[in-house]
Amino acid sequence: MADNVRQTDRRLERAILDLLERRGPTATICPSDAARAVYGGDDDGWRALMEPARRAARRLVTAGEVEITRRGHPVDPADVRGPIRIRRVRR
């Protein structure tokens, strides 16, 4: 089971980076975009991947790859609640 969780975690991280890569340099995505991409089904089973997608985004923040934003401003991933967006780190 732990291997499946790790595989899903890695797939979510990759989905976040791939989705951002396909969009403009200032574009953002919602964690649900990554959850839907990894789930791949037609029903709402992707919802079970929402918290794992948010955790994947937090790991990518720690790695310096992305920022988590709320209302267009970067936020501390440890403190944020509610709707978030993910974008590439602005350098």
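The preceding data block contains the structure.
The written sequence of each chain sets the order in which its residues are numbered from 1. Two thresholds apply to this predicted model, a pLDDT of at least 70 for residue-level local features and 80 or more for giving and counting side-chain atom pairs, whereas whole-chain, interface and lining totals are computed over all residues. In computing side-chain properties, one takes all heavy atoms of the structure into account and sets aside hydrogens as well as water.

1. Digging into the pairing of strand S4 (residues 85-88)
Two faces make up the sheet, and in a regular strand the side chains alternate between them.
Thinking step 1. A pair of strands is considered paired only if DSSP assigns at least 2 bridges between the two. Helix numbers and strand numbers start at the N terminus; a helix is a DSSP run of H or I with at least 4 residues, a strand a run of E with at least 2. Bridging between strand S1 (residues 28-29) and S4 involves two bridges; their strand directions are antiparallel. Across the sheet, residue threonine 28 finds its bridge partner in S4, namely arginine 87.

2. Details of the environment of arginine 58
Thinking step 1. By secondary structure assignment, the location of arginine 58 is in helix H3 (residues 50-62).
Thinking step 2. Whether a residue is buried, partly exposed or exposed follows from its accessible area with a 1.4 Å probe, protein chains only, as a fraction of its type maximum: under 20%, in between, or over 50%, in that order. You can call arginine 58 partly exposed: its relative accessible area is 27%.
Thinking step 3. Along the backbone, arginine 58 and arginine 36 are 22 residues apart, and their C-alpha atoms lie at a distance of 18 Å.
Thinking step 4. Those residues in contact with arginine 58 that sit more than four places away from it in its chain are Glu51, Ile68 and Pro77. Whether two residues are in contact is decided by their heavy atoms, any of which lying within 4.5 Å being enough.

3. Concerning helix H1 (residues 2-22)
Thinking step 1. Residue count minus one, scaled by 1.5 Å, sets the expected span of a helix. When the terminal C-alpha atoms of H1 are compared, their 30 Å separation across 21 residues agrees well with the 30 Å that a helix rising 1.5 Å per residue should span.
Thinking step 2. Turning to H1, the residues buried within the fold contact S1, helix H2 (31-39), H3, strand S2 (66-70) and S4.

4. Topic: the packing of aromatic side chains
Thinking step 1. When two rings of Phe, Tyr or Trp (its six-membered ring) have centres within 6.5 Å they constitute a pair, described as stacked for plane angles under 30 degrees, edge-to-face for angles over 60, and tilted for the intermediate range. The tally for this structure, following the rule as stated, stands at zero aromatic pairs.
Thinking step 2. The cationic tip of arginine 36 hangs over the ring face of tryptophan 46; the distance from NZ or CZ to the ring centre is 3.8 Å. In our convention, an over-ring charge means Lys NZ or Arg CZ found within 6 Å of a ring centre and within 35 degrees of that ring's normal.

5. Here's the deal with the pattern of salt bridges
Thinking step 1. Salt bridges are defined as contacts in which a side-chain nitrogen from Lys or Arg sits within 4 Å of a carboxyl oxygen from Asp or Glu. Counted by the stated rule, this structure contains twelve salt bridges.
Thinking step 2. Residue arginine 10 is joined to glutamate 13 by a salt bridge in which the shortest nitrogen-to-oxygen separation is 2.8 Å. With arginine 10 and glutamate 13 both in helix H1, this residue pair falls three residues apart, about one helical turn.
Thinking step 3. Taking the relative accessible area as the measure of exposure, glutamate 13 reaches 13% and is therefore buried.

6. Observations concerning the pairing of S2
Thinking step 1. With four of five residues buried, S2 lies mostly within the body of the structure.
Thinking step 2. In terms of strand pairing, S2 meets S4 through four bridges, oriented antiparallel. Opposite glutamate 67, over in S4, you have arginine 87 as the bridge partner.
Thinking step 3. Pairing analysis gives two bridges linking S2 to strand S3 (residues 73-74), with the strands arranged antiparallel. Residue pairing in the sheet places threonine 69 in a bridge with proline 74 of S3.
Thinking step 4. Hairpin connection from S2 to S3: two residues lie between these consecutive antiparallel strands, with arginine 71 at a positive phi of about 55°.

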